[in-house]
Amino acid sequence: MTKLPYWHVDAFADRPFAGNQAAVMPLEAWLPDAVLQAIAEENNFAETAFVVRDETGAADWELRWFTPTSEVKLCGHATLASGHVLLTRDGGEQVSFRTRHAGMLQVRRDGAGYALSLPTSRVEALAVPGLLEALGVDAPVFDTVAGTEETSVVLLESEAHLRALSPDMRALEKIDRMAICTAPGDTADVVSRVFVPAWGVPEDSVTGSAHAVLAPFWAERLGRETFTAHQASQRGGDLTCRLEGDRVWLGGPCVTVVEGSFHLPD
């Protein structure tokens with residue numbers, strides 16, 4: 001057996017059992033993609049993040065993310081979790097990541113938590129066949145026109161409407177995109193729920209990449225570039241969002257729940 005370092009982190013959480021779970025696994029070198037996918041399936045979290053030292057000098061680490069079923073182009077909460085692990089283990093004030101599809105990402109210490117820099121995604125009003133029927137709503141839909149992931153934003157009237165959603169997951173499974181449902185919040189400025197069954201995650205707990213879409217979307221509607229956000233999943237999570245040009249800074253804490261070894265067969 002080969003022992004691989006393993007951390008289980010609750011991201012965007014100030015205590016265990018909240019926020020979004022991620023596995024973070026620093027590697028000496030990249031394993032075959034099939035092995036990375038098998039590890040992510042075994043971990044069975046929304047995301048497993050793998051990091052390898054960046055030999056190009058462009059960043060501190062290379063970073064990739066896998067759901068239980070597939071590799072994704074961008075994951076915010078597992079990037080925040082990776083920054084938490086590396087800054088906790090190695091010290092320092094910030095850490096940078098080179099990714100295959102999302103460019104350069106950065107996590108830095110920010111008070112008692114961390115700040116995560118992500119590229120924003122832009123959406124425009126577009127119809128997505130079958131989406132509203134699968135969600136069981138009649139509301140405006142905005143779809144990605146510039147960004148990393150295939151994403152749709154559905155704008156609802158109220159937090160109560162958002163919390164009452166009960167989507168048809170089998171129907172959503174057939175729609176190859178992230179569905180972000182959002183509304184004005186009762187206590188936070190913005191609330192959301194995120195559904196990604198096509199990528200192996202029926203409802204995500206707290207989604208950094210979704211807020212890279214929501215930041216420009218809501219900044220325009222609120223008339224300001226800084227706001228608070230709450231993802232109203234079962235576990236729930238709170239974020240601060242600050243739009244800065246074509247980047248968004250997301251803020252929140254992390255908690256290490258498990259630290260140990262993953263036993264990989266030789």
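Residues numbered from 1 in each chain as written. Predicted model: local features only at pLDDT ≥ 70, side-chain atom pairs only at ≥ 80, totals over all residues. Heavy atoms only, no water.

1. A word on the pattern of salt bridges
By the definition in use, this model includes 14 salt bridges. The residue R64 makes a salt bridge to E71 at a minimum N-O spacing of 2.8 Å. The class of R64 is buried, set by a relative accessible area of 3%. Accessibility expressed as a relative area gives 32% for E71, which makes it partly exposed. Here R224 and D189 are joined by a salt bridge, their closest N and O atoms 3.2 Å apart. In this pair, R224 is assigned in the loop between α6 (208-222) and β15 (226-231) and D189 in the loop between β12 (178-184) and β13 (190-196), connecting sequence segments 35 residues apart. The class for D189 is partly exposed, based on a relative accessible area of 24%. (Salt bridge = Lys/Arg side-chain N within 4 Å of Asp/Glu carboxyl O. Buried < 20%, exposed > 50% of the residue type's maximum accessible area, 1.4 Å probe, protein only. Helix = DSSP H or I, 4+ residues; strand = E, 2+ residues; numbered from the N terminus.)

2. Points about the state of the cysteines
On inspection of all chains with the given rule, the structure shows zero disulfides. In this structure C75 is a free cysteine whose sulfur lies 11 Å from that of C254, the closest cysteine sulfur available. C75 sits in the buried class, given a relative accessible area of 4%. (Disulfide = S-S within 2.5 Å.)

3. Focus on helix α1 (residues 33-43)
Turning to α1, its buried residues number three or more, namely L36, Q37, I39, A40 and N43. The buried residues of α1 occupy one face: seen down the axis, they fall within an arc of 160 degrees. In α1, the exposed residues that point more than 90 degrees away from the buried face are A34, E41 and E42. Looking at the packing, one finds that the buried side of α1 touches β1 (2-11), β2 (20-27), β3 (47-53), β4 (61-66), β5 (71-72) and β18 (254-264). (Arc of directions from axis to C-beta. Contact = heavy atoms within 4.5 Å.)

4. A few points about the side chain of D143
When you line up the elements, D143 lands in strand β10 (residues 141-146). When residues no more than four places from it in sequence are discounted, the contact partners of D143 are R122, V123, E124, L126, V128, T151, S152 and R177.

5. A word on α6
With 15 residues, α6 ought to run about 21 Å at 1.5 Å a step, and its terminal C-alpha atoms sit 20 Å apart, in line with that. L214 marks where α6 bends most, by close to 35 degrees; the proline P216 follows one to four residues later. When you tally the buried positions in α6, you get twelve out of 15 residues, the bulk of the element. At the C-terminal side of α6, G223 shows a positive phi close to 75 degrees. (Expected span 1.5 Å × (residues − 1). Bend = angle between axes of the 7 residues up to and from the residue.)

6. A short note on the side chain of H211
As for its position among the elements, H211 is in helix α6. Among the polar contacts made by the side chain of H211, one reaches the main-chain carbonyl oxygen of T207 at a distance of 2.8 Å. (Polar contact = N/O pair within 3.5 Å; in protein donor to acceptor, adjacent residues only side chain to side chain.)

7. Quick word on the nonpolar core
Grouped together as the largest cluster of nonpolar side chains are 56 residues, with contacts concentrated most on W65, L80, F97, L118, V153 and I180. With eight residues, α6 is the largest single contributor of residues to this core. Here I180 is in contact with T151, S152, V153, V154, S192, R193, V194, A210, V213 and L214, once residues within four sequence places are set aside. Membership of the second largest hydrophobic core comes to 20 residues, among which are A134, L135, V137 and I175. (Core = buried A, V, L, I, M, F, W, Y, C linked by side-chain atoms within 4.5 Å.)

8. Thoughts on the packing of aromatic side chains
Any two aromatic rings considered together are summarised by their centre-to-centre distance and by the angle between their planes. A full pass over the atoms with the stated rule returns three aromatic pairs. Residues F50 and F66 carry aromatic rings whose centres are separated by 5.8 Å and whose planes lie at 80 degrees to one another, so their mutual orientation is edge-to-face. Placement of the pair is F50 in strand β3 and F66 in strand β4, with a sequence separation of 16 residues. Between F217 and W218, the ring centres sit 5.8 Å apart and the planes meet at 80 degrees, which makes this aromatic pair edge-to-face. Given a relative accessible area of 5%, W218 falls into the buried group. In textbook terms, an aromatic cluster arises when at least three aromatic residues are bridged by ring pairs, as seen for F142, F217 and W218. (Phe/Tyr/Trp six-rings, centres within 6.5 Å; stacked < 30°, edge-to-face > 60°.)

9. Notes on the pairing of strand β11 (residues 151-155)
Among the five residues in β11, four count as buried, and that is most of the element. Two elements, β10 and β11, share three bridges in a ladder whose sense is antiparallel. Counterpart to F142 in the pairing with β11 is V153. Linking β10 to β11, which pair antiparallel, is a turn of four residues. Relative to β12, β11 runs parallel, the two sharing five bridges. Residue pairing across strands places L155 opposite T182, the latter belonging to β12. (Pairing = 2+ DSSP bridges.)

Structural measurements only, silent on function.
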